[in-house]
Every structure is written in structure tokens, then in C-alpha cells.
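# Descriptive analysis of the structure
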Amino acid sequence: MNQPKQKQPITSLWDDEKAATMSEPELLLYRSNLLGSDLRITNFGGGNTSAKVMMDDPLTGDKVEVLWVKGSGGDLGSIKLDGFSTLYLDKLHALKKRYRGLEHEDEMVGYLPHATFNLNPRAASIDTPLHAYINKKHVDHMHPDSLIAIAATANSRALTEKIFEGVLGWLPWKRPGFDLGLDLEKLSTEQPHLKGIILEGHGLFTWGDTAKEAYETTLAIIKRAEEWLEANIAQPVFGGQKHQALPPAERAAFAAKLMPLLRGKISKTEYKLGHFEDSDTILEFVNSADLAPLAALGTSCPDHFLRTKIRPFVVDFDPTRPDFDAVAAGLDDALEAYRADYTAYYNRCKRDNSPAVRDANPIIYLIPGVGMLSFAKDKATARIAGEFYVNAINVMRGANGVDKYVGLPEQEAFDIEYWLLEEAKLQRMPKPKSLAGRIAVVTGGAGGIGQAVAKQLLSEGACVLLTDIDGGALEEAKSALAKVAGKDNVATITGNITSEEQVEAVFTESALRFGGVDLLISNAGIASSAPLEDTTVEVWDRNQDILVKGYFLASRAAFRMMKTQKLGGSMVFVASKNGLVASAGASAYCTAKAAEIHLARCVALEGAPLGIRVNVVNPDAVIKGSKIWDGKWKQERAQSNKIEADDVEAFYRDRSMLKRSVLPEDIAEAVYFLSSDKAAKSTGNVLNVDAGNAGAFTR
Ligand SMILES: [Zn+2]
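Note that the coordinates shown come from a computational prediction; the quantities given were computed from them, not determined experimentally.

Of all residues in the protein chain, 99% attain a pLDDT of 70 or more, and the chain-wide mean is 94. When the criterion is pLDDT under 50, residues 1-6 qualifies, and its contacts beyond four places in sequence or with other chains add up to 14 contacts.

So, about a nonpolar patch on the surface. Judged by side-chain polarity, M657, L658 and F697 come together as a nonpolar surface patch covering roughly 330 Å² of accessible area. Relative to the elements of secondary structure, F697 occurs in the segment after β18 (686-689). For F697, a relative accessible area of 45% translates into the label partly exposed.

What follows concerns the sheet that holds strand β3 (residues 84-88). Spatially, 7 strands are ordered β3-β2-β1-β4-β7-β6-β5 in an open sheet, and the strand pairing comes out mixed. Both outer strands of the open sheet, β3 and β5 (168-171), are each paired with one neighbouring strand and no more. Averaged over all pairs of adjacent strands, the angle between strand axes in this sheet comes to 20°, irrespective of strand direction. Against the sheet, helix α2 (residues 24-36) touches β1 (48-56), β2 (63-70), β3 and β4 (138-142), its axis set at about 175° to β1. With respect to the sheet, helix α7 (residues 178-190) is in contact with β5, β6 (196-199) and β7 (203-208), its orientation differing from that of β5 by roughly 145°.

Along the polypeptide, R175 turns up in the loop between β5 and α7. On the accessibility criterion, R175 (19% relative accessible area) is buried. Side chain to side chain, R175 and D106 meet in a polar contact 3.4 Å long. A distance of 3.5 Å separates a polar atom in the side chain of R175 from the backbone oxygen of D415. Once residues lying within four places of it in the same chain are set aside, the contact partners of R175 are E105, D106, L180, D415, I416 and W419.

Conventions adopted
Residues numbered from 1 in each chain as written. Predicted model: local features only at pLDDT ≥ 70, side-chain atom pairs only at ≥ 80, totals over all residues. Heavy atoms only, no water. pLDDT = per-residue confidence, 0-100. Contact = heavy atoms within 4.5 Å. Patch = residues over 30% accessible without salt bridge, like charges linked within 9 Å, V, L, I, M, F, W, Y side chains within 5 Å. Areas by Shrake-Rupley, 256 points an atom, 1.4 Å probe, with all protein chains shown as cover. Salt bridge = Lys/Arg side-chain N within 4 Å of Asp/Glu carboxyl O. Helix = DSSP H or I, 4+ residues; strand = E, 2+ residues; numbered from the N terminus. Buried < 20%, exposed > 50% of the residue type's maximum accessible area, 1.4 Å probe, protein only. Pairing = 2+ DSSP bridges. Axes fitted to C-alpha atoms, helices over the stretch in contact; angles between N-to-C directions. Polar contact = N/O pair within 3.5 Å; in protein donor to acceptor, adjacent residues only side chain to side chain.

And the structure:
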């Protein structure tokens, strides 16, 4: 959780020895990474840094002054050198001649590429003029909660003067762009003693003659703001406490129950993923007397409301009388009212050339006694939106604690939300992948097929919750998958598929972690081999428990959640050729696999009216990466076929019609097809992936 550790003072991490070996661009990078890695200094993706560096012009060989400034996109904490754009400073100054005034400000962005130095492909951000025109070598622009708190008070100018005693300048709210760049130039030139400038309702600019001086000034200013707020915030905050938080387990249980319901209602046009947080900062706010009026004011900093929408949705819930059904019953009307309110805001503020109204559903959901939910088109965006609302809470806490918090005027907020330049950014985003926004649960997730399936679904944009009885292997699978698909999108939970309670826990986790479930890949498996007369009841029951009861429990839990969401869904059972073809010496296994296939058909029948599709993939002899084939089963099959264990793979390959080995990736491809909308009109089907086996031809 992104929880600012207020108790630990902000201290300089600058290492002179390290810095001594660095070039100016490297020093800029070093400073940026230091600043961006502390969320008290700037929020995720927020703020930017710059340095004005003398360099050799590749065209003329002359020394020219080049502005290195964080380019469009990315985060300061993880930025690399290629994240900076580079521009001729004299050309940026020459641009002023082109400026036709505030009404035409946006057209200046189109000129920036003409000032590019050294063919750098990194696009310059709209904040470029802000850095270019401040007449200092090294400039930081940060969004610290503590400074924004001061910048978002009704008396922000007077407070700036009082707290910083003339060291910081102050500029009234203005949208970032060319004009604000000129304002910054004027103020910093006219008052050369300033160490920085506060921008009302926005953030902080600071500077220095060297990279180190800029860094340390930035830190000192933020530290001063934090200390002053700490000493001056009136208690109790937010009008005092109104509600008690539920115990942690009850908070999580409530969120897990609400999320699939909510997700269904807000995913009609685009699948959404959810995120739940209940940190102390959030609980203090949602349990406070002033929750409703403060939430209604909306957020202040542009970064905050771009991520969280102009205001959050407050769930009507009284934790002293926890009645889930009452909350559920009121949701439709409350959401409709929110959407109507958002549409009215759009209609009040829209201009002739505004982009069309966007999804009117809320992003942030505040629940007294429980915490905060956030929903967005992907998991990382949902998580980050939640983090931004925590930033907004910190700002309100500070601003209202020392003065009066003011949100941004509605029209200003709208002009940023529907800014044509923002719209252009959205239009440039790549098309969503085929499973974007979908949530998949994969049982037997640590095995070869399970991992290959997860990898494929992740690569198509889904979030995946893996479950397996083998916790160690599960963790290994998770770290391997997270490396390629990102930590946000992969989750795991150890569990035994034959336990009703543990299967329920898997789906509770899926709801709490991602918001619900859309795809179930039922894949947990075992195999056994013995002639009938040697088959023990224990072996028989084990096959029935895992392959029949386990598949029943998983599909029932998924079915219930899919029904709640009303978004349809897809289940794929990974069965076996042996579910269709009897095999000597494996009656327990073959019978269980046949039952599994028939269960899929039954669920397909009941699921159809709800848009829930159920299909089967039948692999045969997938030996590579298989935990089943590693053990006794291989010996047993070798014995049964009168061959050596080492020859098993070749034996099965040569036995197939196509003479090819079947790999986990082949199964994953079939599972993906049946999971995706490409198979939107297929249910109750069996797809063999067995390199050809005439006995398994379906009829
Ligand atoms: Zn900013």
C-alpha cells in the first residue's frame, strides 16, 4: 500500500561519490529517480524534472544549450535516460514569437517537435515550456501531498507567505501549458531570490544551480511543509469520527461480496477490474463526519481527478447495522444518479469542440466502516486510481486542517478532463487486447498446462488467479509470470480443489483481488493406473474427488459469481482423451474423466440462458512440464505399454495420427480460443488436442 510514512523525516539520499562520476544528463536521471521513488515527494507518474546542458550540436558541431526534460508518460521513480526529451533551448525561446495568446495555447504543443535536439524520439510533454522558461539550470516540478494541501486552501497565497517566509513565490491556478510557462519565467526573473514557486491547486516548482542543490532544495521545502502541517493541523480531522471500522476480516468479506455485484453494473460497455484498500488513512476519511460534503467537493490537483474522476461515489452503508442486501438493493438507483450527475456536468461544461462524453460510471467507491474500492479498465490503473485518491485524502486532511479546502472550479476540471490534448493521448493508446478486463481463475495453476494457459491468457490481457495445492510451485509460477505480465495481473492462492471451503476461498480471493470472475479454467489433475482388480477404493475416491467433485465445486462457485455479475462467462474443463476413449488398466481415471466431460455439458445447459459457455479441451500425453507425468504415472504407463520410461514421449508421439508431441502451449492455445469471444457461439463442445487419435473422434 502506498502509505506515506509521515513519521520518518524526508532525508537526502544524495551520494557525492556516486554523483562525482556522472555526466549532467546522468545527474538529472539520478536526481529524478531519487525524487520519484518517494511517494511523499511526488505521486505516481506525477511531476517532472529538467536540466539545461551544453552539448555538441550534431549538425554544426557548435556548443548549444539543450533542455533535458522528462518526456510524455512514464514515472520519475523508474525513468531511464530515454524517458527524457531533448530540445534546443534557443528554439524554445524563439517560439514565444509564435504565441497568439491563451485562446490559442494548445497549438504551441505542435511546435515542440520542431525544437527536438539530436532526433530524440521521446515526445515532449505539455509541461516543457514550464521548465524551459524558468531561468535556472536545474528545475524540479513535484506534486507532494503536503504542498498541494497548502496550494488547495482558500488562503493559499497568504499561507505560502507565512510558512515559507518569502522563499517561495505563488501563482494563481492556471492550466499547465505555454502561458503558465511565461508566468513562471516572469516571476522567477523578477524575484531572483526565490527558491521556488507554489502553483495554486496544483503543485511545486523548485530549482538550483546544480543537480544536488535542486534536489536538496526540493526536499527542504517539502520537509518544511510537512513539519508545518503536522504542527498546525487542527484535531479532530474531517469533523471527527462518525463510524467505527468493521474488523479487518469483515471489511474484506464485505468488499469481496460487493465487488462482483458492482463490477457487473459498471462493466456493460467495457470490462472493469477492481481494487480494494482499507489503510488507516482511508478508514479515517470514510469513517469521518465530513465524508459526504468533502467527497462532493471533488479533488483538486489535475493529476488526482484525471485518475479518479471529478468526484467519488459514496456507498450508502451504515457499519453499525451491516445489511448487505439493503446496500445491494439501493445500488442501481445510486449509480444511475451518479451517472446522471456526471452527464449533467458534461453538458454544463462542454464546449463546441469537446470530445464525446466518456464512461459515466464512478472510479472511486468509498464505503463507511469498510474502505475504498476503485475500478478501471485494467488492474494497474484501478490500483493507481486508488493511490491517487489517497493523495487527495491527504490533501483534504492538510488543507481543511489548517484552513479551508477548495476543489478546482468545475469548468477548469472539465477543461482538463476533456482537454483535446488529453483526448489525443487517449486516441494514441493501443487497442485493448482480446481478453482485456477479464478475470481468469486457473486451477492446477502450478503445473505445466496450468502455467502455459495462464501465460497465454495474460498475454491476451486477462488477469489471472492461479490456485494449486502445491504452494511452493505456485509461488515459482507467480514470479515467472509476473516478470512477463506485471505484478498487478497475477495472483495466487494455495488450495485443495476437493474442499468446498477452500474452493469458496479461491473465488472470494478472485473477487477481492480483481473484482469477480469471467473465465474458469478447471485444470487441476491427477492420474492413476491399475487393473480393475487392483484398483483400491482409495484410488477410486481420489480420482472422483479431484476430477469430478473438484470440477463440480469450482464450476458451481464460478457459476454463482458469474450469475451475480450478469456479464456471462466462459468455463473450460481440461479433461482427457481418456474421457472419451476407454483405456485398459486405468478405469478409475477414465471414468472420472468421462464424468468431468459430462459435467461440463450439464453446466453448459444451465449456463446458456446466462451467457455462460462451458467447453472441454481434451489433451493426450502432454508430457513436457507435467507434474503428473513426472511421477508414478509415467512408470505405470511405461509398464502397461511394455516400454522403458524414457521412451514414453516417443511412444505416444509415434502412436498419434500426426506423429507429433503435444505440448502445454498447444493446450493453452485451445483453452484461449474457447475462453475468448472468438468462441462466443460455442458451448458444450469438446476440442481434442491430441495430435490425432481416431478413437477420440467425437460424434
Ligand atoms: Zn504538475
